[in-house]
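Listed below are the residues making up each chain.
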Amino acid sequence: MENKVINKNTFIKKMFDFLGIKGKKEQKIIKKSFNAARNSRLKANYFSVSTGSDINSDIFTDGYQLMKTAREFEKNNAYVRKFLNTMVNNIVGPTGFNLSVKGYDYKPETKDGKTVYNKVLDEVGSNLIQESFWEWTKRKYCDLSQTFTFNEICELTTRQLFRDGEVLIIKHKGGKELNKWGFALQMVNMERLDRKYNGINLKNGNRIVMSVKLDKNNRKVAFYLQKVIVSAVPGINQKLEGSNYERIEASDCIYLYKATDSEQIRGYSPLVAGLETLENIEGYQEAELINARASAGKMGFFISNNEQVNQLDIADKEDEEGNFISEVEPGTFHVLPKGYDFKENNPNYPQSYGNFIKANLRTVASAFNISYEDLANDRESVNYSSIRAGMVADREVYKAVQNFLIDNMLDDIYEDWLKNAILNKAIVFPNGAILQFEKFDKFKQHQFRGRGFAWVDPLKDITASIEAVKFGLSSRKREAEKLGIDLNEVFDELAEEKQLAESKGLNLENSDNIMATINSVNNVSSNNGE
């Protein structure tokens, strides 16, 4: 066998040897590593045991429970749902990531007796490949299960990255049985990457740590996915044929996580630092709701002044324990019975609710690395300067995550897609020629652009961009990319506009001339009775 799975009795010792933990007994390792995964009076439903050593120990002991907790918060907590939706909307956006293929030819030219090579974009080939890629991004092609479009895969990847802390995508490569490009993606539920599956290959030193096979240099060699899907839905909870685990080569996978430690093997939910505070907010809100309801329905007690009276004079009914109960309706007044005084019970509603919620949500916003105003939907007391500062800071976070996805996911997907598309002869030029593999290096040059962001103050920001280009501090291309726009596409559209305007007798360089021409055309139409 390729690997030797450690039995239960020796598992802890082997894991400790691998992680560098010495001289500690299993029964003494009870310290909690992540507070959000800690068992307490406020989280009585969860329990985990941690070695309290390095990050891998924490992920091993608390990672699964933390993922479950984050998923529960996503389903039931408005602020977590708002945060995840904000990340998806601002990182992926309504149109997703845009691809620009940059297939260049280098044409020789003699200048001053020297041969120089001019870089010329192959627009026909580049546009053809772009169009073919966007056709592949449809649901029925890019997703193995035909469930998600490529844009939806990007959205789910972003959501899972911030909720679970890790994403695994399998790249399926083959022939026409997949689609005409021979390439499709499969999203994996991270529960299938079992943290309890560990082992050591005694022959070459490779080991399996939390279902990830590593070589001696800590490079990921393969992933082991559980074949047993645990679900309450009939038909899903079933064991597939063969071994309990399916090996997937790392070269066929995209595994994403944001490491916080140099030797970290698996990811964990980045929500961890804010979940405990959110749980406190939920508890406080529940207590405030009960208090508010009690305050809205004022109550009191009848107190005897030692005079002899009939109990029925003060009570409408008697409960099982012999207590007399008097019911009242809103807008009614009652005369106190003889021999009794009324003692009001008035639980005053505290006035500190808003300040408490705001202070704690600021803590959560800091933990989630997002502005408080955006997380809480609270723009009550902001001004232009503060809202601009918050938006600019948030956008830098979105751009950083966009770059992370481009570098670690999208570039990889495009190159594998192009390679398999060429091998399957899926890209055909208008003249019938088929794109050959020797053109792979030429057309693998590309650029993904994430969504851009509109200006906070359009007039000031546009003026600043114009001045930066004018004085050579920026370029049109760079300014266009800030908005998520391809300058080549802008120039193509401007050329089309100019051509259309000329066919209508308009001069786009003079807005007054345009309006005069339009008015002239309208007057002619009116005179002709149209």
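Everything numeric here is computed off the predicted structure, so don't read it as measured data.

Engineer: When you look at the overall build of the chain in this model, what are you seeing that I'm missing?
Structural biologist: Secondary structure summary: the chain contains 15 helices and 17 strands in total. Residue pairs at least 24 apart in sequence account for 65% of intrachain contacts in the chain once pairs closer than 6 positions are excluded.

Engineer: Got a minute to help me understand a negative patch on the surface in this structure?
Structural biologist: A surface patch of like charges, here negative, comprises Glu123, Glu489, Asp492, Glu493, Glu496 and Glu497. Mapping Glu497 onto the fold places it in helix α14 (residues 487-503). Of the residues examined, Glu497 reaches a relative accessible area of 45% and is grouped as partly exposed.

Engineer: I tried to follow the packing of aromatic side chains on my own but got confused; where do I start?
Structural biologist: The geometry of an aromatic ring pair is captured by two quantities: the separation of the ring centres and the angle between the planes. This model, assessed by the stated rule, comprises 19 aromatic pairs. With a centroid separation of 5.4 Å and 75 degrees between ring planes, the pair formed by Phe133 and Trp134 is classed as edge-to-face. Look at Phe133 and you get buried, because its relative accessible area is 0%. Joined through ring pairs, the aromatic side chains of Phe133, Trp134, Trp136, Phe150, Phe183, Tyr414, Trp417 and Phe448 make up one cluster. Above the ring of Tyr104, the side-chain terminus of Lys119 is found at 4.4 Å from the ring centroid. Of note, Arg362 hangs over the ring of Tyr372, and the distance from its end group to the ring centre comes to 5.0 Å.

Engineer: Just checking my understanding: could you explain unusual backbone geometry for this structure?
Structural biologist: Across the chain, the bulk of peptide bonds are trans and the bulk of non-glycine residues have phi less than zero. Positive phi is not limited to glycine here, since Asp112 has a value of about 55 degrees. Looking at the secondary structure, you find Asp112 in the loop between β3 (104-111) and β4 (114-121). In this structure Asp112 comes out as exposed when scored by relative accessible area, which is 82%. With phi around 60 degrees, Asn369 is a residue other than glycine that occupies positive phi space. Counting through the fold element by element, Asn369 comes out in the loop between α8 (353-368) and α9 (372-376).

Engineer: I would appreciate a short explanation of helix α10 (residues 384-423) in the present structure.
Structural biologist: Helical geometry note: an α-helix holds 3.6 residues per turn, so side chains three or four residues apart project in the same direction. With 40 residues, α10 extends 55 Å between its outermost C-alpha atoms, agreeing within 8% with the 58 Å of an ideal straight helix rising 1.5 Å per residue. Ile406 marks where α10 bends most, by close to 45 degrees. Just beyond α10, the residue with positive phi is Lys425, at close to 55 degrees.

Engineer: How should the pattern of salt bridges be read in this particular structure?
Structural biologist: Opposite charge on two side chains allows them to pair when their charged atoms are near. This model, assessed by the stated rule, comprises 24 salt bridges. When the shortest N-O distance is used, the salt bridge between Lys75 and Glu72 registers 3.1 Å. Of the two residues, Lys75 and Glu72 both sit in helix α2 (residues 55-76), three residues apart, roughly one turn of that helix. With a relative accessible area of 32%, Glu72 lands in the partly exposed category. Glu166 is the partner of Arg195 in a salt bridge, and the nearest nitrogen-oxygen pair spans 3.0 Å. One end of the pair, Arg195, is in the loop between β6 (183-188) and β7 (199-200); the other, Glu166, is in the loop between α6 (150-163) and β5 (167-173), and 29 residues separate them in sequence.

Engineer: Help me understand the confidence of the model for the chain, please; the structure alone is not making it clear to me.
Structural biologist: Any residue range with low pLDDT should be treated as having predicted coordinates unsuitable for detailed reading. When pLDDT is averaged across the chain, the result is 80; 72% of the residues are at 70 or more. Ignoring residues within four places in sequence, the model shows residues 18-32, a span with pLDDT below 50, making 28 contacts including any to other chains. Note on residues 45-51: pLDDT under 50 across the span, and 28 contacts to partners over four residues away in sequence or across chains.

Engineer: I would appreciate a short explanation of the sheet that holds β5 in the present structure.
Structural biologist: Sheet strands associate in pairs through backbone hydrogen bonding, adopting either a parallel or an antiparallel arrangement. Ordered by their spatial adjacency, three strands build an open sheet running β6-β5-β12, and the pairing between neighbours is antiparallel. If you trace the sheet from one side to the other, it starts and ends with β6 and β12 (253-256), each paired once. Geometrically, the sheet is characterised by an average inter-axis angle of 20 degrees between neighbouring strands, direction not taken into account. Where β5 meets β6, six bridges bridge the pair, whose relative direction is antiparallel. Along β6, the bridge assignment pairs Leu168 with Val188.

Engineer: Looking at this model, I keep getting lost on the nonpolar core. Mind explaining?
Structural biologist: Nonpolar side chains in soluble globular proteins generally cluster together in the buried interior. Residues Trp136, Leu278, Met409, Trp417 and Leu418 are the most contacted members of the largest nonpolar core, which totals 89 residues. For Trp417, the contacting residues outside a window of four places in its chain are Ile129, Ser132, Phe133, Trp136, Trp181, Phe183 and Ile427.

Engineer: Teacher, can you tell me more about the packing of α6 against α10 here?
Structural biologist: Two numbers describe a pair of packed helices, the interaxial angle and the distance between the axes. The N-to-C vectors of α6 and α10 enclose an angle of 130 degrees; their axes lie 12 Å apart at closest approach. Here α6 lies oblique to α10, going by the angle between them. Here the hand of the crossing between α6 and α10 comes out right-handed. Contacts from Phe150, Ile153, Cys154, Thr157, Thr158, Leu161 and Phe162 of α6 reach α10 at Val401, Phe404, Leu405, Met409, Leu410 and Ile413.

Engineer: Hey, could you run me through the pairing of β3 in this one?
Structural biologist: Pairing of β3 with β4, which is carried by eight bridges, proceeds in the antiparallel orientation. Pairing of Pro108 across the sheet is with Tyr117, part of β4. Connecting the antiparallel pair β3 and β4 is a turn made up of two residues, with Asp112 showing a positive phi of about 55 degrees.

Engineer: In this structure, what is going on with the packing of α2 against helix α3 (residues 78-91)? I would like to understand it.
Structural biologist: Taken N-terminus to C-terminus, the directions of α2 and α3 make an angle of 95 degrees; their axes are 6 Å apart at the nearest point. Between α2 and α3, the crossing angle belongs to the class labelled roughly perpendicular. Where α2 abuts α3, its residues Phe73, Glu74, Lys75 and Asn76 lie against Ala78, Val80, Arg81 and Leu84. The residue makeup of the contact of α2 with α3, split by class, is four nonpolar, one polar and three charged.

Engineer: How should I be thinking about the side chain of Lys102 in this particular structure?
Structural biologist: Take Lys102: it is sitting in the loop between β2 (98-101) and β3. A relative accessible area of 12% places Lys102 in the buried class. Apart from the residues within four sequence positions on either side, Lys102 is in contact with Leu121, Ser126, Lys442, Gln445, His446, Gln447, Asp486 and Asn488.

Engineer: Which parts of the structure should I look at to understand the state of the cysteines?
Structural biologist: Put plainly, two cysteines are in a disulfide when a covalent bond ties their sulfur atoms together. In the structure shown here, the tally under the stated rule is zero disulfides. Cys142 takes part in no disulfide bond, and the closest cysteine sulfur to it belongs to Cys154, at a distance of 8.9 Å.

The rules we used
All residue numbers here refer to positions counted from 1 along the written sequence of the relevant chain. With the structure being a predicted model, the display of local features is reserved for residues of pLDDT at least 70 and the display and counting of side-chain atom pairs for 80 or more, all residues being used for whole-chain, interface and lining totals. Side-chain numbers here rest on the full set of heavy atoms in the structure, without hydrogens or water. Secondary structure elements follow DSSP: runs of H or I of four or more residues count as helices, runs of E of two or more count as strands, with numbering from the N terminus. Contacts are residue-level and defined by heavy atoms, with any inter-residue pair within 4.5 Å sufficient. Like-charged residues within 9 Å of one another, or nonpolar side chains (Val, Leu, Ile, Met, Phe, Trp, Tyr) within 5 Å, are grouped into patches, provided each residue has over 30% relative accessible area and no salt bridge. Every accessible area reported is derived by Shrake-Rupley at a probe size of 1.4 Å, with residue values counting cover from the shown protein chains alone. Each salt bridge in this description consists of a side-chain nitrogen of Lys or Arg and a carboxyl oxygen of Asp or Glu lying within 4 Å of one another. All tallies of charge rest on Lys and Arg as positive and Asp and Glu as negative; His and the ends of each chain are not included. We put the charge of a Lys on NZ, of an Arg on CZ, of an Asp on CG and of a Glu on CD. Working definition: with a 1.4 Å probe on protein chains only, accessible area under 20% of the residue-type maximum means buried, over 50% means exposed, and in between means partly exposed. Note on aromatic pairs: the rings of Phe, Tyr and Trp (six-membered ring only in Trp) are paired at centre separations within 6.5 Å, and the planes decide the class, stacked below 30 degrees, edge-to-face beyond 60, tilted for the rest. Lysine NZ or arginine CZ positioned within 6 Å of the ring centre and within 35 degrees of the ring normal marks a charge as sitting over the ring. In this scheme, a helix's expected span is set at 1.5 Å multiplied by one less than its residue total. Here the bend at a residue means the angle between the axes of two seven-residue stretches, the one that ends at it and the one that starts at it. Across the chain, each position has a pLDDT score giving the predictor's confidence in that residue, from 0 to 100. Following DSSP output, two strands are said to pair if at least two bridges run between them. Axis definition: a line fitted to C-alpha atoms, over the contacting stretch in the case of helices. Angles run 0 to 180 degrees between N-to-C directions. By nonpolar core we mean a set of buried residues, namely Ala, Val, Leu, Ile, Met, Phe, Trp, Tyr and Cys, connected to one another through side-chain atoms within 4.5 Å. Between 65 and 115 degrees an angle is taken as roughly perpendicular, under 35 as roughly parallel, over 145 as roughly antiparallel, and anywhere else as oblique. Crossing handedness is read from the near helix: turned anticlockwise from the far helix by less than a right angle, it gives a left-handed crossing, and turned clockwise, a right-handed one. Here the term charged refers only to Asp, Glu, Lys and Arg, the term nonpolar to Ala, Val, Leu, Ile, Met, Phe, Trp, Tyr, Cys and Pro, and the term polar to all other amino acids, Gly among them. The definition used for a disulfide is geometric: two cysteine sulfur atoms within 2.5 Å.

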